[in-house]
Amino acid sequence: VTNTIAKLAKTCTLRLTVSKLYFILSDKVANGGVSMWCELSQGNFFDEFQIEGVAAEHNEIYLELVPENLSRALKTAQGAKAVKIKLTNKHCPCLRVAVELPSLSSSSRIVTHDIPVGVIPRRLWNDFREPSVPDFDVSVYLPVLKTMKSVVERMKNLSNSIVIEANLSGEMNLKIETDLVSVTTHFKDLGNPPWASEDGCQSSAQGRDLESMAEARIDIKKLQQLLAGQQVNPTKALCNIVSKRIVHFILLHEDVSLQYFIPALA
């Protein structure tokens, strides 16, 4: 998970609550930045978990960190007997990752990494709320991500932007158009997620012609970053398109969900 996050964001926010951990990137989509919301249940990752937030009714901690540093520290934990992560305040706030490695003698070897973090004050917490699912025109399951990644990588050499279009008949096209070349890759029979209409997020898709395409032109590098960052194939991957405004990706693994928003280019 941290490898994936490190490929998507140079810095991000780690939100800790009693039951979950969140990695959040909230570049203002209005200014052309991507945003990300990754959710993990702590019970799937930790045998023991203790948290003391700022107050009983706000039992949460928000930290700003460089995910690459956390990813590097956790790489040394492969094959470890135990890993302990603790928020400390030595000379500055740090996430201390203590890795207990197997040893031939009776004494254990412990490698410690101190990762500097910034503690985000309570008054700024509202900037890191879960982004709402946009009122999309089309929602479609994605093709196998490896296939999609190799298509996008080839297209990246030809153009800086890519058009994603899809319809409610399970079809999706990836298109690039430049003065010299126009290339389209077609995917069909992908299927459309059965969004419950009572959750209110399907209103613009309702009553829509099944064949008509919704499209958005996005930065191809941002899409490639998302596809390159996937270390494991998700159990479900889907994409919601708000015509000419935003493409919203949802990748679901057994114990992790990742949402990624790429704004459309003008």
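As a starting point, this report considers the structure included with it. Predicted model only: the values in this text are computed from it and were never measured.

1. Quick notes on the overall build of the protein chain
Thought 1: A count of helical and extended segments in the protein chain gives 4 helices and 16 strands.
Thought 2: If one aligns the C-alpha atoms of the protein chain with their principal axes, the spans along those axes are about 65 × 45 × 30 Å.
Thought 3: Counting only residues that meet the buried cut, the protein chain has 43% of its 266 residues in that class.
Thought 4: Pairs at least 24 apart in sequence give 59% of the contacts found in the protein chain among residues at least 6 apart.
Thought 5: Summed over all atoms, the accessible surface of the protein chain reaches about 14400 Å², with 49% contributed by carbon and sulfur.
Thought 6: Averaged over its 29 positive side-chain charges, the protein chain has a centre that lies 8 Å from the centre of its 29 negative ones.

2. Overview of the environment of Val247
Thought 1: Within the element layout of this structure, Val247 appears in strand 15 (residues 246-252).
Thought 2: Note: C-alpha distance between Val247 and Glu215 (32 residues apart in sequence) is 8.8 Å.
Thought 3: Ignoring anything within four residues of it in the chain, the contact list for Val247 reads Ile164, Ala216, Ile218, Cys239, Asn240, Ile241, Tyr260, Phe261 and Ile262.

3. Structural notes on the nonpolar core
Thought 1: Of all hydrophobic cores here, the largest spans 60 residues; its most connected members are Met172, Leu174, Leu223 and Phe249.
Thought 2: For this core, the leading source of residues is helix 3 (residues 145-156), giving 5 residues.
Thought 3: Mapping this core onto the domain boundaries places at least three of its residues in each of domain 1 (1-127) and domain 2 (138-198 + 210-263).
Thought 4: The next biggest cluster of nonpolar side chains, apart from the first, holds 7 residues, and it includes Ile24, Trp37, Trp125 and Phe128.

4. Considering the side chain of Gln42
Thought 1: In this structure, Gln42 sits in the loop between strand 3 (35-41) and strand 4 (61-65).
Thought 2: Excluding residues within four positions of it along the chain, Gln42 makes contact with Val18, Ser19, Lys20, Leu21 and Phe49.

5. Brief notes about the pattern of salt bridges
Thought 1: Tallied over the entire structure, the rule returns 8 salt bridges.
Thought 2: The closest approach of N and O atoms between Lys81 and Glu100, which form a salt bridge, is 3.5 Å. Placement of Lys81 in the loop between helix 2 (67-75) and strand 5 (82-89) and of Glu100 in strand 6 (residues 93-101) is noted, with a sequence separation of 19 residues between them.
Thought 3: As a salt-bridge pair, Asp114 and Lys90 come within 3.7 Å of each other at their nearest N and O atoms. Of the two residues, Asp114 sits in strand 7 (residues 109-116) while Lys90 sits in the loop between strand 5 and strand 6, which places them 24 residues apart along the sequence.
Thought 4: Using a relative accessible area of 32% as the deciding quantity, one classes Asp114 as partly exposed.
Thought 5: Shared partners join several salt bridges into a network, and the residues in it are Lys90, Arg96 and Asp114.

6. Some points on the packing of helix 3 against helix 4 (residues 220-229)
Thought 1: At their nearest, the axes of helix 3 and helix 4 sit 9 Å apart, and the two run at 145° to each other. Along this stretch, helix 3 crosses helix 4, giving a crossing that reads as left-handed. Touching Leu145, Met148, Lys149, Val152, Glu153, Met155 and Lys156 of helix 3 are Ile220, Leu223, Gln224, Leu227 and Ala228, all from helix 4.
Thought 2: In terms of residue class, the contact of helix 3 with helix 4 is made up of 8 nonpolar, 1 polar and 3 charged.

Criteria and cut-off values
Residues numbered from 1 in each chain as written. Predicted model: local features only at pLDDT ≥ 70, side-chain atom pairs only at ≥ 80, totals over all residues. Heavy atoms only, no water. Helix = DSSP H or I, 4+ residues; strand = E, 2+ residues; numbered from the N terminus. Buried < 20%, exposed > 50% of the residue type's maximum accessible area, 1.4 Å probe, protein only. Contact = heavy atoms within 4.5 Å. Areas by Shrake-Rupley, 256 points an atom, 1.4 Å probe, with all protein chains shown as cover. Lys, Arg positive; Asp, Glu negative; His and termini not counted. Charge placed at Lys NZ, Arg CZ, Asp CG, Glu CD. Core = buried A, V, L, I, M, F, W, Y, C linked by side-chain atoms within 4.5 Å. Domains from an automatic or database assignment. Salt bridge = Lys/Arg side-chain N within 4 Å of Asp/Glu carboxyl O. Axes fitted to C-alpha atoms, helices over the stretch in contact; angles between N-to-C directions. Left-handed = near helix turned anticlockwise from the far one by under 90°. Nonpolar A, V, L, I, M, F, W, Y, C, P; charged D, E, K, R; others polar.

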